[in-house]
Number of protein chains: 2
Amino acid sequence: MARRTSRRQAGGRAKGALHQLPWRQVRNRFPPVDILSADQIEHIHNSSLQVLEDLGMEVMGESARRLLKEAGADVDDATMRVRFDRAMVMEHIAKAPSAFTIHSRNPERDVVFGGNHVVVTAVSSTPNCSDLDRGRRPGSYDDFCDLLRLSQSLNVIHYYAGYPVEPQDLPVPTRHLDCYIAFITLTDRAWRTYSLGGDRCRDGIAMNKIARQIGDDEMRAKPGLMTLINTNSPLRLDGPMSEGLIEMARAGQGVAITPFTLCGAMAPATLAGALTQQNAEALAALALVQLVNPGNPVMYGGFTSNVDMKSGAPAFGTPEYVKATLAGGQLARRYGIPFRTSNVNASNAPDAQGAYESGMSLWAAILAHGNMIHHGAGWLEGGLVSSFEKMVIDAEMIQMMFETLEPLEVSDDAIGLDAMREVGPGGHFFGAQHTLERYETAFYAPMLSDWRNFETWSEAGSPDAAQRANRIWKQLLETYEEPALDPAIREELDAYVARRKEEGGAEDA
Amino acid sequence: MARRTSRRQAGGRAKGALHQLPWRQVRNRFPPVDILSADQIEHIHNSSLQVLEDLGMEVMGESARRLLKEAGADVDDATMRVRFDRAMVMEHIAKAPSAFTIHSRNPERDVVFGGNHVVVTAVSSTPNCSDLDRGRRPGSYDDFCDLLRLSQSLNVIHYYAGYPVEPQDLPVPTRHLDCYIAFITLTDRAWRTYSLGGDRCRDGIAMNKIARQIGDDEMRAKPGLMTLINTNSPLRLDGPMSEGLIEMARAGQGVAITPFTLCGAMAPATLAGALTQQNAEALAALALVQLVNPGNPVMYGGFTSNVDMKSGAPAFGTPEYVKATLAGGQLARRYGIPFRTSNVNASNAPDAQGAYESGMSLWAAILAHGNMIHHGAGWLEGGLVSSFEKMVIDAEMIQMMFETLEPLEVSDDAIGLDAMREVGPGGHFFGAQHTLERYETAFYAPMLSDWRNFETWSEAGSPDAAQRANRIWKQLLETYEEPALDPAIREELDAYVARRKEEGGAEDA
């Protein structure tokens with residue numbers, strides 16, 4: 001028994017237990033990497049303002065057009081075209097805060113967006129999911145809940161920026177109610193509403209207030225939600241999205257704007273063109289948020305990538321994607337607005353391609369000083385699939401990145417000249433006092449990586465990373481525990497959902 | 001037929017042909033990432049000089065000790081301990097050039113080390129090799145030659161910094177002769193000698209001169225070889241390595257010094273300690289090169305990583321590895337000496353782990369401004385195996401990195417406001433003139449990545465990245481062509497090898 005205890009101490013854990021870093025706020029200590037000169041950034045900035053002045057945006061929501069007209073924009077209701085004066089745009093953009101907090105029902109899980117903070121989210125908005133045992137299938141509510149349980153069990157996931165898979169087996173008008181209650185009961189992280197019209201936002205706000213037992217004022221002072229607004233590139237903001245944007249800004253909740261500017265499809269076939277268009281669309285929507293509610297929390301989203309030249313299919317984690325992300329970060333910093341990035345790839349399998357494309361995306365996010373890494377864990381196939389195995393692989397990659405961002409201690413004590421003296425030329429440090437004092441916590445201990453020698457690994461059946469990830473997600477689901485929630489709150493939430501279902505759910509989209 | 005031609009033009013290639021970037025010198029346009037402050041770098045610098053003064057190095061080669069004694073070092077021949085005065089070390093270090101060229105028999109393949117140049121090498125010095133068909137096996141000369149043919153076929157491989165696998169079926173004293181002639185005849189890239197004593201270096205120099213048809217003076221003025229000197233950490237330089245170092249420096253050939261400082265094994269269990277020891281060992285050996293031949297081409301090598309806490313096995317591509325590489329780059333820049341890095345991982349398979357660990361190593365190499373990325377393609381299992389599939393996977397990853405380093409063009413023409421005007425809100429850019437003009441070359445076209453949709457990919461047998469890489473290396477070997485070489489040179493080389501084999505090959509180690 002004594003021997004077992006000492007082995008456990010040396011390894012720092014019981015056999016079979018998984019290594020995870022603790023849940024923590026993460027700071028990006030790397031300098032951001034600028035790939036464009038200040039002149040080039042101004043060139044893109046000015047060109048995008050010219051786009052907004054000359055071409056404008058098609059704004060399909062009536063209330064949005066009315067608000068923009070009142071603010072002095074040139075609005076043509078017949079064509080829905082809105083042209084923006086550059087001074088007006090910049091005046092409103094200047095009101096955006098450089099950092100803000102989104103609050104969770106568990107205050108320990110509050111997340112800060114801005115500065116050098118890094119927030120990682122689970123994959124979202126995929127229609128399908130897959131795992132090695134059951135293959136690829138349309139998303140169901142069971143899968144949705146399992147992906148919530150799995151990501152809740154992964155300490156690197158800070159936040160839910162959407163449904164980890166679309167529960168296609170639930171009716172559309174009430175689906176959001178089932179999803180929101182799952183966010184609240186199965187996890188203790190902050191989450192987001194879907195901006196498909198105002199109803200889904202209002203329900204989200206109501207349920208978030210119940211979960212946190214707060215009123216309108218506190219909800220406004222301490223926002224608990226953020227929504228994601230995709231402009232309909234090129235140069236279009238659709239009706240439901242603009243309704244959601246207005247609803248959320250009125251309630252003081254976060255709004256992340258992300259144009260989906262694929263070079264060669266919904267944007268010019270050049271990075272400079274796509275970035276200009278991304279910037280124009282983002283600035284227009286960001287200005288709209290600020291004129292609804294000056295100072296409202298917002299994020300500048302970059303999602304520029306390229307298409308496959310052969311098929312027109314979107315590609316991710318490409319060299320173009322990396323450069324667009326780095327330049328996007330420079331633009332966001334130009335405006336002092338927190339930057340949303342993603343961890344994306346176009347692989348069909350949780351294999352080497354999935355890992356190297358994700359690796360490119362992740363490094364781009366970190367070097368661009370992305371404040372939110374959306375789709376942080378689990379995304380495959382350019383967003384068509386949430387993979388249980390990829391979620392574990394991504395979690396390991398993100399843990400490694402987080403640990404890489406931790407400072408390197410340089411001190412006489414850390415350097416350990418005495419240890420070198422003790423060991424001498426040709427010796428080894430395994431038994432040195434300096435080593436023994438640090439052994440347990442000296443290095444990052446992986447969750448997924450397998451460092452056994454080839455013989456031992458072969459005897460264990462030569463499991464590749466995806467097969468090991470398969471075992472890990474099952475283990476995490478087996479040991480998952482639902483976070484505590486006051487039964488009275490649960491009752492109130494159930495009652496709200498029941499009433500809203502009776503009313504028919506969302507009506508406006 | 002017209003349709004087929006036009007489709008081929010749109011895709012930019014014939015069906016089945018592989019996409020590769022052209023062979024080219026690569027410049028690193030990213031700023032280097034500094035993770036240590038100038039004070040912290042000085043702390044490590046001063047501590048390492050203190051190590052050299054107080055502890056010194058065990059220098060096992062007699063000629064090396066003699067040279068160091070003549071230069072004023074404190075030498076104890078009985079214990080082989082050499083203690084270095086810090087002013088003497090820094091005086092010699094200051095003579096190292098900040099950049100140099102290693103010349104190939106094909107002048108188009110000359111490679112520059114230093115500045116913001118990036119040189120990528122094939123994997124080297126592994127005892128085994130593997131592929132998906134034949135599994136893992138001890139390296140043979142057939143494998144050695146196939147790995148040369150494969151890497152010669154990959155445009156991202158600039159240089160051979162060692163044997164791509166150890167041909168264990170060849171007798172040791174003459175093995176280097178067969179390997180050198182293969183470097184010269186099967187490839188047109190520059191290569192290196194093994195510094196196991198002076199004989200292997202002398203043979204390399206002789207054969208390099210024959211291959212390039214040059215004499216001693218030109219060989220010295222335009223070096224054609226670089227050797228790799230691993231100090232025997234901690235704090236030991238063995239006899240054969242020091243003989244090789246002296247031989248190569250006397251002939252004016254490149255010498256890359258790389259201490260192998262594994263935290264917790266051959267170095268303290270802290271990054272600061274391992275970096276201090278790495279720096280001490282590197283400075284001592286670099287000073288030795290410079291005192292043999294002031295101004296001799298040298299590289300500062302960083303290979304600090306950590307061990308697995310459980311087994312003591314080396315780990316690579318870890319957070320510790322990334323930080324050590326970034327700090328190592330800062331130290332190399334501190335001395336103005338080109339920096340050697342590596343593309344390494346500890347995976348047993350060419351799977352997601354192999355890719356994400358390599359991805360961490362590669363990004364570290366680029367952000368540290370590594371001038372040589374050693375083991376650039378093909379390394380697995382912490383260096384115990386050269387994998388044919390991993391060589392292709394790494395080549396794709398490196399191509400992506402190279403393309404990421406290409407500048408992003410920002411101009412009115414690239415931005416294309418006219419295209420946005422032409423397309424308008426809600427349209428698409430597939431048929432826009434701006435797109436058609438750029439379509440063929442707009443984006444990076446992958447060699448390995450599979451962007452087909454899931455259905456098409458499934459119908460093709462759901463090949464993962466490793467399986468596709470398997471097909472690619474076979475295709476590359478099938479289409480491989482031996483680079484032209486004057487038959488008279490070949491004859492001269494054969495005669496040299498025959499004579500040296502008759503003499504028994506290398507005698508001194």
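## Some points on the relation of the copies chain A and chain B
- For the match of chain A to chain B, the screw axis carries a shift of 0.0 Å, the RMSD comes to 0.0 Å, and the turn is 180 degrees. Given the turn and translation reported, the copies of this chain are related as if by a two-fold rotation axis. Closest to the rotation axis within chain A is the C-alpha of A352 of chain A, separated from it by 2.0 Å.
- Of all interface residues in chain A, 100% are interface residues in chain B too; the two copies therefore contact each other through one and the same surface.

## Quick word on the side chain of R468 of chain B
- As for its position among the elements, R468 of chain B is in helix α18 (residues 465–479).
- Apart from the residues lying within four places of it in its own chain, the contact partners of R468 of chain B are D351 and Q353 of chain A together with L448, S449, D450, W457 and P463 of chain B.

## Concerning the packing of aromatic side chains
- Scanning the model with the defined rule gives 41 aromatic pairs over all chains in all.
- Summarising the aromatic geometry, the rings of F113 of chain B and Y159 of chain B are spaced 5.5 Å apart at their centres and angled 75 degrees between planes, so their arrangement reads as edge-to-face. Of the two residues, F113 of chain B sits in strand β6 (residues 111–114) while Y159 of chain B sits in the loop between α5 (141–152) and α6 (172–186), which places them 46 residues apart along the sequence. Both residues of the pair, F113 of chain B and Y159 of chain B, count as buried.
- Ring plane angle 40 degrees and centroid distance 5.0 Å describe the contact between Y180 of chain B and W191 of chain B, whose orientation is recorded as tilted. On the criterion of sequence distance, the pair formed by Y180 of chain B in helix α6 and W191 of chain B in the loop between α6 and α7 (198–212) is long-range, its members being 11 residues apart.
- For W191 of chain B, a relative accessible area of 4% corresponds to the buried category.
- Members of the aromatic cluster, each reached through a chain of ring pairs, are Y141, F144, Y160, Y163, Y180, F183, W191 and Y194 of chain A.
- Above the ring of F454 of chain A, the side-chain terminus of R136 of chain B is found at 4.3 Å from the ring centroid.

## With respect to the interface of chain A and chain B
- Across the contact, 116 residues belong to chain A and 116 residues belong to chain B.
- Of the roughly 9700 Å² buried between chain A and chain B, counting both surfaces, carbon and sulfur atoms make up 69%.
- At the boundary of chain A and chain B, one finds 4 salt bridges.
- Applying the counting criterion to the chain A and chain B interface returns 28 residue pairs in polar contact (both at pLDDT 80 or more).
- Tallying contributions element by element places helix α12 (residues 352–367) of chain A first for the side of chain A that touches chain B, with 9 residues.
- Residue classes in the side of chain A that touches chain B are distributed as 61 nonpolar, 28 polar and 27 charged.

Thresholds, definitions, all that
- Residues numbered from 1 in each chain as written.
- Chains lettered and ligands numbered in written order.
- Predicted model: local features only at pLDDT ≥ 70, side-chain atom pairs only at ≥ 80, totals over all residues.
- Heavy atoms only, no water.
- Least-squares fit on C-alpha atoms with pLDDT ≥ 70 in both.
- Contact = heavy atoms within 4.5 Å.
- Helix = DSSP H or I, 4+ residues; strand = E, 2+ residues; numbered from the N terminus.
- Phe/Tyr/Trp six-rings, centres within 6.5 Å; stacked < 30°, edge-to-face > 60°.
- Buried < 20%, exposed > 50% of the residue type's maximum accessible area, 1.4 Å probe, protein only.
- Lys NZ or Arg CZ within 6 Å of the ring centre and 35° of its normal.
- Buried area = accessible area lost by both parts, 1.4 Å probe.
- Salt bridge = Lys/Arg side-chain N within 4 Å of Asp/Glu carboxyl O.
- Polar contact = N/O pair within 3.5 Å; in protein donor to acceptor, adjacent residues only side chain to side chain.
- Nonpolar A, V, L, I, M, F, W, Y, C, P; charged D, E, K, R; others polar.

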